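Each chain is listed here by its residues.
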Amino acid sequence: MCALEQFAPLPLQESWDNAGLQVGLTEVEVSGALLCLDVNEKILDEAIRKGCNLVVSHHPLLFRGLKTISDQTDVQRTVRKAIKHDLCVISMHTNMDNAKGGVNYRIAQKLGLQNITFFSEKRVDGLEAGSGVIGELPESLAADDFVIAVKKAFSVECAMCNELLRRPVRKVAICGGAGDFLLDDALRAGADAFITGEMHYHQYFGYEQQIQICVIGHYQSEQFTAEIFQEIIQQACPGVKTLIAETCTNPILYL
């Protein structure tokens, strides 16, 4: 946990977030770490099956306090199972989004972007941070070819886009997950395109021929976050077994 927090300190998280320890005791020796995007009962079952007593997720299991721990909701059942099987659950959420080299940097790397920097930069406790990144494609692409390249990089069935640009795309802004709040910042930063995981319907209006919007799904945009966890843990604790979860927790089906 210390290695993860050194990479993405908890003060980097947004005020509404609840990153950090979710369930369990951190002083217990780690038998193995299962790394995932979301935590639910199926993820815990996989951890138990594979001999992992630590689960590291991107999205927190607990966003707000529980008044009851029973079996009424998925979250309650998941907490009960974690306690019953002595599992420790840790989440690195918006602190990992905002960290240099974090979630948005990984998305940019998967697209092969160069000269990656924050475009909504801020400093927290003297640390460089930001909610989104911007970079350049190795070469300009026509808008339709750009969308195809994004779909291929993230293995998505479809992308939700506004009207295709009638000029090349080179400079790309990124915010994984629900990043629509950065659309105008991306435009001001000079981006030709903006990639995010989800966006409200009405925000697609009014940007025709200004910026290419490309929305690929919340889960899909952040699916490589577990790779970051694995690299951090393997470098700091090379003797710890780290496994990227095979269980898909995406609740959205494209039919």
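Residues numbered from 1 in each chain as written. Predicted model: local features only at pLDDT ≥ 70, side-chain atom pairs only at ≥ 80, totals over all residues. Heavy atoms only, no water.

Moving on, we come to the overall build of the protein. When helices and strands are counted, the protein shows nine helices and 13 strands. Its C-alpha atoms give the protein a radius of gyration of 19 Å, within 12% of the compact-globule value 18 Å for 255 residues. In terms of overall dimensions, the protein has C-alpha extents of about 55 × 40 × 30 Å along its principal axes. Looking at the protein as a whole, 49% of its 255 residues are labelled buried. For the protein, restricting intrachain contacts to residue pairs at least 6 apart in sequence, the fraction spanning at least 24 positions comes to 63%. Counting every atom, the protein has about 12,500 Å² of accessible surface; 51% of that belongs to carbon and sulfur. Counting 22 positive and 32 negative side-chain charges, the protein places the centres of these two groups 3 Å from one another. (Helix = DSSP H or I, 4+ residues; strand = E, 2+ residues; numbered from the N terminus. Rg over C-alpha atoms; globule rule 2.2 N^0.38 Å. Buried < 20%, exposed > 50% of the residue type's maximum accessible area, 1.4 Å probe, protein only. Contact = heavy atoms within 4.5 Å. Areas by Shrake-Rupley, 256 points an atom, 1.4 Å probe, with all protein chains shown as cover. Lys, Arg positive; Asp, Glu negative; His and termini not counted. Charge placed at Lys NZ, Arg CZ, Asp CG, Glu CD.)

Note that Ser120 resides in the loop between strand E5 (114-118) and strand E6 (121-124). In this structure the side chain of Ser120 is engaged in a polar contact, spanning 3.2 Å, whose partner is the backbone nitrogen of Ser131. Separated by 3.2 Å, the side chain of Ser120 and the backbone nitrogen of Gly132 make a polar contact. (Polar contact = N/O pair within 3.5 Å; in protein donor to acceptor, adjacent residues only side chain to side chain.)

As for its placement among the helices and strands, Leu243 is situated in strand E13 (residues 242-244). With relative accessibility at 27%, the residue Leu243 sits in the partly exposed group. In sequence terms Leu243 and Gly32 are 211 residues apart; their C-alpha atoms lie 7.7 Å from each other.

This brings us to the layout of surface pockets. One number sums up the size of the largest pocket: a volume of about 510 Å³. Lining the largest pocket we find 29 residues, and of these His59, His93, Ala178, His218 and Glu222 sit closest to its centre. Here the lining of the largest pocket takes four residues from strand E10 (residues 169-178), the largest share from any one element. Broken down by class, the residue content of the lining of the largest pocket amounts to 13 nonpolar, 12 polar and four charged. If you add up the space inside the second largest pocket, you get close to 410 Å³. If you list the elements that add at least two residues to the lining of the second largest pocket, you get helix H1 (2-7), strand E3 (54-57), helix H3 (74-84) and strand E4 (88-91). Take the lining of the second largest pocket: its biggest share by element is three residues, from H1. (1 Å grid on protein atoms, 1.4 Å probe; cavity = no way out; pocket = protein on both sides within 12 Å on 5 of 7 lines; lining within 4 Å. Points joined across faces, edges and corners; volume = space filled by probe spheres on them. Nonpolar A, V, L, I, M, F, W, Y, C, P; charged D, E, K, R; others polar.)

Counting 45 residues, the largest nonpolar core has Phe146, Ile174 and Ile195 as the members making the most contacts within it. Excluding anything up to four places from it in sequence, Ile195 contacts Leu111, Phe146, Val150, Val172, Ala173, Ile174, Cys175, Cys214 and Ile216. In terms of nonpolar packing, the next biggest core, distinct from the first, is built from 16 residues, Leu44, Cys52, Leu87 and Ala245 among them. (Core = buried A, V, L, I, M, F, W, Y, C linked by side-chain atoms within 4.5 Å.)

Relative to the elements of secondary structure, Ala33 occurs in strand E2 (residues 33-36). The buried category is assigned to Ala33, whose relative accessible area is 0%. Measuring from C-alpha to C-alpha, the distance between Ala33 and Ala245 comes to 9.6 Å, with 212 residues separating the pair along the chain. In this view, Ala33 contacts Cys52, Leu54, Ile233, Lys241, Thr242 and Leu243; residues no more than four positions away in its chain are not counted.

Another aspect to go through is empty space enclosed by the protein. Taken as a whole and judged by the stated rule, the model has one cavity of 30 Å³ or more. Taken as a whole, the largest cavity spans an internal volume of roughly 30 Å³. Around the largest cavity sit Val103, Arg106, Ile107, Ser221, Glu222, Phe224, Thr225 and Ile228, which together line it. Of all elements in the fold, only helix H5 (103-110) and helix H9 (225-236) reach the threshold of two or more residues within the lining of the largest cavity. For the lining of the largest cavity, the element with the most residues is H5, which contributes three residues. Here the lining of the largest cavity is composed, by residue class, of four nonpolar, two polar and two charged.

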